[in-house]
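Remarks on the overall topology
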Amino acid sequence: MGETIRLGVNIDHVATVRNARGGAHPDPVRFAKIAAEAGADGVTAHLREDRRHIRDADIDRLRAEVALPLNFEMAATPEMLAVALRIRPNAACLVPEKREERTTEGGLDVVGQKGTVAPVVKELTAAGVRVSLFVEPDEVALEQAALMGAAIVELHTGTWCEALAAGERDAAEKEFARLKAGGALAASLGLEVHAGHGLDYASAEAIAALPEIAELNIGHFMIGEALAVGLAETVRAMKAAMARGRAGASAETR
Ligand SMILES: CC(=O)[C@@H](O)[C@H](O)COP(=O)(O)O
Ligand SMILES: NCC(=O)COP(=O)(O)O
(Lines give C-alpha, C1' and ligand atoms only; values in the text may rest on other atoms or scores of the structure.)
(Ligands and ions follow the chains in the order given, each with its own letter.)
Protein backbone atom coordinates (compact mmCIF):
# COMPACT_ATOMS: atom_id res chain seq x y z
CA MET A 1 0.00 0.00 0.00
CA GLY A 2 1.83 3.04 -1.15
CA GLU A 3 1.64 6.76 -1.68
CA THR A 4 1.89 6.37 -5.45
CA ILE A 5 -0.63 4.83 -7.81
CA ARG A 6 0.34 3.98 -11.38
CA LEU A 7 -1.62 4.63 -14.58
CA GLY A 8 -1.66 1.96 -17.28
CA VAL A 9 -3.05 3.35 -20.55
CA ASN A 10 -4.98 0.80 -22.61
CA ILE A 11 -4.62 1.66 -26.30
CA ASP A 12 -7.00 -0.94 -27.71
CA HIS A 13 -9.34 1.62 -29.16
CA VAL A 14 -6.71 3.49 -31.11
CA ALA A 15 -6.59 0.21 -33.04
CA THR A 16 -10.40 0.21 -33.26
CA VAL A 17 -10.22 3.52 -35.15
CA ARG A 18 -7.34 2.27 -37.30
CA ASN A 19 -9.12 -0.95 -38.23
CA ALA A 20 -12.23 0.95 -39.27
CA ARG A 21 -10.46 1.65 -42.57
CA GLY A 22 -8.08 -1.30 -42.65
CA GLY A 23 -4.94 0.83 -42.93
CA ALA A 24 -2.06 1.70 -40.58
CA HIS A 25 -3.31 5.03 -39.19
CA PRO A 26 -3.73 5.90 -36.35
CA ASP A 27 -0.84 3.85 -35.02
CA PRO A 28 -1.37 2.46 -31.48
CA VAL A 29 2.40 2.42 -30.89
CA ARG A 30 2.64 6.15 -31.61
CA PHE A 31 -0.08 6.74 -29.01
CA ALA A 32 1.70 4.55 -26.48
CA LYS A 33 4.79 6.72 -26.94
CA ILE A 34 2.70 9.90 -26.50
CA ALA A 35 1.24 8.44 -23.31
CA ALA A 36 4.73 7.57 -22.06
CA GLU A 37 6.02 11.08 -22.73
CA ALA A 38 3.00 12.54 -20.91
CA GLY A 39 3.66 10.50 -17.76
CA ALA A 40 1.85 7.19 -18.15
CA ASP A 41 3.41 4.44 -16.04
CA GLY A 42 2.52 1.54 -18.31
CA VAL A 43 0.77 0.52 -21.50
CA THR A 44 -1.96 -2.10 -21.67
CA ALA A 45 -3.09 -3.90 -24.81
CA HIS A 46 -5.63 -6.68 -25.23
CA LEU A 47 -4.92 -9.10 -28.06
CA ARG A 48 -8.37 -10.59 -28.49
CA GLU A 49 -8.90 -13.91 -30.22
CA ASP A 50 -10.86 -12.13 -32.96
CA ARG A 51 -8.23 -9.36 -33.36
CA ARG A 52 -11.05 -6.83 -33.52
CA HIS A 53 -8.61 -4.08 -32.47
CA ILE A 54 -5.03 -4.86 -31.32
CA ARG A 55 -3.20 -7.10 -33.77
CA ASP A 56 -0.19 -9.37 -33.21
CA ALA A 57 2.15 -6.91 -34.93
CA ASP A 58 1.01 -4.17 -32.52
CA ILE A 59 2.06 -6.31 -29.56
CA ASP A 60 5.46 -7.04 -31.10
CA ARG A 61 6.07 -3.34 -31.78
CA LEU A 62 4.85 -2.24 -28.35
CA ARG A 63 7.32 -4.63 -26.77
CA ALA A 64 10.17 -3.55 -29.06
CA GLU A 65 9.58 0.19 -29.37
CA VAL A 66 7.91 1.45 -26.17
CA ALA A 67 9.99 1.79 -23.01
CA LEU A 68 6.97 1.51 -20.68
CA PRO A 69 6.14 -1.78 -18.95
CA LEU A 70 3.72 -3.75 -21.17
CA ASN A 71 0.64 -5.26 -19.55
CA PHE A 72 -0.50 -7.84 -22.11
CA GLU A 73 -4.16 -8.72 -21.73
CA MET A 74 -5.03 -12.19 -22.93
CA ALA A 75 -7.45 -15.05 -22.70
CA ALA A 76 -6.09 -18.18 -20.97
CA THR A 77 -5.70 -20.10 -24.23
CA PRO A 78 -2.75 -21.99 -25.77
CA GLU A 79 -2.63 -19.46 -28.62
CA MET A 80 -2.30 -16.46 -26.33
CA LEU A 81 0.06 -18.27 -23.96
CA ALA A 82 2.40 -18.84 -26.91
CA VAL A 83 2.30 -15.13 -27.77
CA ALA A 84 3.04 -14.17 -24.15
CA LEU A 85 5.94 -16.62 -23.90
CA ARG A 86 7.37 -15.22 -27.13
CA ILE A 87 7.19 -11.52 -26.22
CA ARG A 88 7.73 -11.87 -22.44
CA PRO A 89 5.77 -8.75 -21.36
CA ASN A 90 6.26 -7.16 -17.95
CA ALA A 91 2.88 -8.57 -16.99
CA ALA A 92 0.14 -10.71 -18.53
CA CYS A 93 -3.41 -10.06 -17.38
CA LEU A 94 -5.72 -13.04 -17.92
CA VAL A 95 -9.18 -11.82 -18.86
CA PRO A 96 -12.40 -13.58 -19.84
CA GLU A 97 -13.33 -13.39 -23.51
CA LYS A 98 -16.52 -14.12 -25.38
CA ARG A 99 -16.51 -13.49 -29.10
CA GLU A 100 -20.01 -12.04 -29.04
CA GLU A 101 -19.25 -9.55 -26.25
CA ARG A 102 -18.92 -5.85 -27.11
CA THR A 103 -16.38 -5.48 -24.28
CA THR A 104 -15.32 -7.37 -21.19
CA GLU A 105 -18.43 -8.11 -19.16
CA GLY A 106 -16.98 -9.27 -15.85
CA GLY A 107 -14.13 -10.99 -14.06
CA LEU A 108 -12.45 -14.26 -14.97
CA ASP A 109 -14.07 -17.36 -13.41
CA VAL A 110 -10.93 -18.48 -11.61
CA VAL A 111 -12.88 -21.05 -9.60
CA GLY A 112 -14.83 -22.71 -12.40
CA GLN A 113 -11.90 -22.44 -14.84
CA LYS A 114 -9.15 -23.37 -12.35
CA GLY A 115 -8.06 -26.30 -14.51
CA THR A 116 -7.44 -24.00 -17.47
CA VAL A 117 -6.15 -20.90 -15.68
CA ALA A 118 -3.77 -22.41 -13.10
CA PRO A 119 -1.41 -24.03 -15.65
CA VAL A 120 -1.20 -20.75 -17.59
CA VAL A 121 -0.36 -18.87 -14.37
CA LYS A 122 2.33 -21.43 -13.57
CA GLU A 123 3.93 -21.39 -17.02
CA LEU A 124 3.96 -17.59 -17.34
CA THR A 125 5.35 -17.20 -13.82
CA ALA A 126 8.10 -19.72 -14.59
CA ALA A 127 8.95 -17.64 -17.67
CA GLY A 128 9.40 -14.54 -15.52
CA VAL A 129 6.14 -12.87 -16.53
CA ARG A 130 4.13 -11.29 -13.68
CA VAL A 131 0.61 -12.72 -13.89
CA SER A 132 -2.46 -10.61 -13.17
CA LEU A 133 -5.94 -12.11 -12.94
CA PHE A 134 -8.85 -9.86 -13.91
CA VAL A 135 -11.45 -10.81 -11.32
CA GLU A 136 -14.54 -9.68 -9.47
CA PRO A 137 -13.88 -8.31 -5.96
CA ASP A 138 -15.19 -11.60 -4.63
CA GLU A 139 -13.68 -13.33 -1.59
CA VAL A 140 -13.58 -16.81 -3.11
CA ALA A 141 -12.14 -15.54 -6.41
CA LEU A 142 -9.44 -13.54 -4.64
CA GLU A 143 -8.46 -16.47 -2.45
CA GLN A 144 -8.30 -18.72 -5.52
CA ALA A 145 -6.12 -16.18 -7.33
CA ALA A 146 -3.66 -16.22 -4.43
CA LEU A 147 -3.73 -20.03 -4.27
CA MET A 148 -2.90 -20.19 -7.98
CA GLY A 149 0.22 -18.10 -7.39
CA ALA A 150 -0.84 -15.00 -9.28
CA ALA A 151 1.25 -11.93 -8.43
CA ILE A 152 -1.53 -9.46 -9.12
CA VAL A 153 -5.31 -9.20 -9.23
CA GLU A 154 -7.04 -6.53 -11.26
CA LEU A 155 -10.44 -5.76 -9.75
CA HIS A 156 -13.23 -5.38 -12.35
CA THR A 157 -14.72 -1.92 -11.84
CA GLY A 158 -17.26 -2.14 -14.67
CA THR A 159 -20.30 -2.92 -12.51
CA TRP A 160 -19.53 0.06 -10.26
CA CYS A 161 -18.92 2.41 -13.21
CA GLU A 162 -22.13 1.32 -14.94
CA ALA A 163 -24.12 1.98 -11.74
CA LEU A 164 -22.53 5.43 -11.45
CA ALA A 165 -23.34 6.22 -15.09
CA ALA A 166 -26.95 5.09 -14.59
CA GLY A 167 -27.35 7.25 -11.48
CA GLU A 168 -28.01 4.16 -9.39
CA ARG A 169 -26.50 5.51 -6.15
CA ASP A 170 -27.36 2.60 -3.88
CA ALA A 171 -26.01 0.03 -6.35
CA ALA A 172 -22.88 2.12 -6.86
CA GLU A 173 -22.26 2.46 -3.12
CA LYS A 174 -22.78 -1.28 -2.64
CA GLU A 175 -20.33 -2.15 -5.43
CA PHE A 176 -17.73 0.36 -4.22
CA ALA A 177 -17.94 -1.24 -0.78
CA ARG A 178 -17.28 -4.62 -2.46
CA LEU A 179 -14.27 -3.16 -4.29
CA LYS A 180 -12.96 -1.64 -1.04
CA ALA A 181 -13.30 -4.92 0.85
CA GLY A 182 -11.87 -6.87 -2.08
CA GLY A 183 -8.84 -4.62 -2.29
CA ALA A 184 -8.13 -5.00 1.42
CA LEU A 185 -8.54 -8.79 1.28
CA ALA A 186 -6.36 -9.09 -1.84
CA ALA A 187 -3.57 -7.08 -0.21
CA SER A 188 -3.83 -9.21 2.94
CA LEU A 189 -3.35 -12.27 0.74
CA GLY A 190 -0.08 -10.80 -0.57
CA LEU A 191 -1.49 -9.88 -3.98
CA GLU A 192 -0.64 -6.62 -5.76
CA VAL A 193 -3.96 -4.89 -6.43
CA HIS A 194 -4.91 -3.19 -9.70
CA ALA A 195 -8.32 -2.03 -10.91
CA GLY A 196 -9.90 -1.28 -14.27
CA HIS A 197 -12.77 -1.20 -16.74
CA GLY A 198 -15.03 1.73 -17.45
CA LEU A 199 -13.09 4.25 -15.37
CA ASP A 200 -13.25 7.99 -16.09
CA TYR A 201 -11.75 11.00 -14.31
CA ALA A 202 -14.27 11.01 -11.44
CA SER A 203 -14.32 7.27 -10.79
CA ALA A 204 -10.54 7.02 -11.12
CA GLU A 205 -10.16 9.74 -8.48
CA ALA A 206 -12.63 7.95 -6.22
CA ILE A 207 -11.06 4.51 -6.46
CA ALA A 208 -7.52 5.91 -6.15
CA ALA A 209 -8.50 6.68 -2.56
CA LEU A 210 -8.30 2.96 -1.79
CA PRO A 211 -4.73 2.65 -0.46
CA GLU A 212 -4.26 -0.97 -1.52
CA ILE A 213 -4.61 -0.15 -5.21
CA ALA A 214 -1.22 0.15 -6.94
CA GLU A 215 -2.37 0.64 -10.55
CA LEU A 216 -5.37 1.63 -12.62
CA ASN A 217 -5.72 0.44 -16.21
CA ILE A 218 -7.84 2.84 -18.22
CA GLY A 219 -8.53 2.90 -21.95
CA HIS A 220 -11.87 3.59 -23.56
CA PHE A 221 -12.63 6.83 -21.71
CA MET A 222 -9.11 8.19 -22.24
CA ILE A 223 -9.06 7.45 -25.96
CA GLY A 224 -12.46 9.14 -26.23
CA GLU A 225 -11.16 12.20 -24.41
CA ALA A 226 -8.03 12.14 -26.58
CA LEU A 227 -10.23 12.66 -29.65
CA ALA A 228 -11.12 16.05 -28.18
CA VAL A 229 -8.01 17.27 -26.33
CA GLY A 230 -5.23 14.87 -27.30
CA LEU A 231 -3.81 11.91 -25.40
CA ALA A 232 -0.99 13.81 -23.69
CA GLU A 233 -3.45 16.21 -22.04
CA THR A 234 -5.74 13.31 -21.15
CA VAL A 235 -2.90 11.39 -19.48
CA ARG A 236 -1.88 14.47 -17.48
CA ALA A 237 -5.48 15.08 -16.40
CA MET A 238 -5.98 11.44 -15.41
CA LYS A 239 -2.74 11.34 -13.43
CA ALA A 240 -3.84 14.52 -11.62
CA ALA A 241 -7.24 13.00 -10.82
CA MET A 242 -5.60 9.86 -9.44
CA ALA A 243 -3.16 11.91 -7.38
CA ARG A 244 -6.04 13.93 -5.88
CA GLY A 245 -7.79 10.72 -4.94
CA ARG A 246 -4.72 9.20 -3.37
CA ALA A 247 -3.86 12.44 -1.52
CA GLY A 248 -7.38 12.58 -0.14
CA ALA A 249 -6.99 9.05 1.20
CA SER A 250 -3.65 9.88 2.73
CA ALA A 251 -5.16 12.99 4.34
CA GLU A 252 -7.93 10.86 5.86
CA THR A 253 -5.47 8.43 7.41
CA ARG A 254 -3.22 11.14 8.89
C1 LIG B 1 -10.31 -6.35 -19.24
C2 LIG B 1 -10.81 -5.01 -19.58
O3 LIG B 1 -11.66 -4.46 -18.95
C4 LIG B 1 -10.23 -4.28 -20.73
O5 LIG B 1 -8.91 -4.11 -20.52
C6 LIG B 1 -10.48 -5.00 -22.03
O7 LIG B 1 -9.47 -4.66 -22.94
C8 LIG B 1 -11.84 -4.56 -22.54
O9 LIG B 1 -12.01 -5.10 -23.81
P10 LIG B 1 -12.02 -4.08 -25.03
O11 LIG B 1 -10.73 -3.30 -24.95
O12 LIG B 1 -12.10 -4.97 -26.24
O13 LIG B 1 -13.20 -3.17 -24.83
N1 LIG C 1 -8.32 -3.76 -17.71
C2 LIG C 1 -9.03 -2.53 -17.96
C3 LIG C 1 -8.41 -1.80 -19.10
O4 LIG C 1 -7.29 -2.08 -19.50
C5 LIG C 1 -9.15 -0.69 -19.75
O6 LIG C 1 -10.54 -0.87 -19.65
P7 LIG C 1 -11.41 0.35 -20.25
O8 LIG C 1 -10.95 1.61 -19.56
O9 LIG C 1 -11.13 0.41 -21.74
O10 LIG C 1 -12.83 0.01 -19.94
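Residues numbered from 1 in each chain as written. Chains lettered and ligands numbered in written order. Predicted model: local features only at pLDDT ≥ 70, side-chain atom pairs only at ≥ 80, totals over all residues. Heavy atoms only, no water.

What to know about the side chain of Ser-132
With respect to the element layout, Ser-132 can be found in strand S5 (residues 130–135). The exposure class of Ser-132 is buried, given its relative accessible area of 1%. Aside from chain neighbours lying at most four places away, what touches Ser-132 is Ala-92, Cys-93, Leu-94, Ile-152, Val-153 and Glu-154. (Helix = DSSP H or I, 4+ residues; strand = E, 2+ residues; numbered from the N terminus. Buried < 20%, exposed > 50% of the residue type's maximum accessible area, 1.4 Å probe, protein only. Contact = heavy atoms within 4.5 Å.)

Thoughts on the site of ligand 1
Close to ligand 1 lie Asn-10, Asp-12, His-13, His-46, Arg-48, His-53, Glu-73, Val-95, Thr-103, Thr-104, Phe-134 and His-197. Between His-13 and ligand 1, the recorded distance is 3.2 Å, taken from a side-chain N or O atom to an oxygen atom. One of the side-chain N or O atoms of His-197 is found 2.5 Å from an oxygen atom in ligand 1. Against a free-state accessible area of 350 Å², the protein chains account for coverage of 92% of ligand 1. Put simply, ligand 1 lies in the largest pocket. Across the shell around ligand 1, the residue classes break down as two nonpolar, seven polar and three charged. (Near = heavy atom within 4 Å. Polar contact = N/O pair within 3.5 Å; in protein donor to acceptor, adjacent residues only side chain to side chain. Areas by Shrake-Rupley, 256 points an atom, 1.4 Å probe, with all protein chains shown as cover. 1 Å grid on protein atoms, 1.4 Å probe; cavity = no way out; pocket = protein on both sides within 12 Å on 5 of 7 lines; lining within 4 Å. Sits in = over half its atoms within 2 Å of the grid points. Nonpolar A, V, L, I, M, F, W, Y, C, P; charged D, E, K, R; others polar.)

Notes on the UniProt feature "binding site: 3-amino-2-oxopropyl phosphate" (unreviewed entry) in the protein
Under the feature "binding site: 3-amino-2-oxopropyl phosphate" (unreviewed entry), the UniProt entry names Asn-10, Arg-21, Gly-198, Gly-219 and His-220. These residues run over 211 residues, and the two farthest C-alpha atoms among them are 25.5 Å apart, placing them at more than one spot. Annotated residues from the preceding list that form part of the lining of the largest pocket: these are Asn-10, Gly-198, Gly-219 and His-220. Secondary-structure assignment places Gly-198 in the loop between strand S7 (192–196) and helix H9 (201–207). Every residue in contact with Gly-198, bar those within four places of it in the chain, is listed here: Cys-161 and Ser-203. Tracing the sequence through the fold places His-220 in helix H10 (residues 220–229). (UniProt positions renumbered as here; feature names shortened; annotations may be inferred.)

Let's talk about the pattern of salt bridges
Scanning the entire structure with this criterion turns up 19 salt bridges. With a shortest N-O distance of 3.0 Å, Glu-215 and Arg-6 are connected by a salt bridge. Here Glu-215, found in strand S8 (residues 213–218), pairs with Arg-6, found in strand S1 (residues 6–10); they are 209 residues apart in sequence, far enough to count as distant. Given a relative accessible area of 11%, Glu-215 falls into the buried group. (Salt bridge = Lys/Arg side-chain N within 4 Å of Asp/Glu carboxyl O.)

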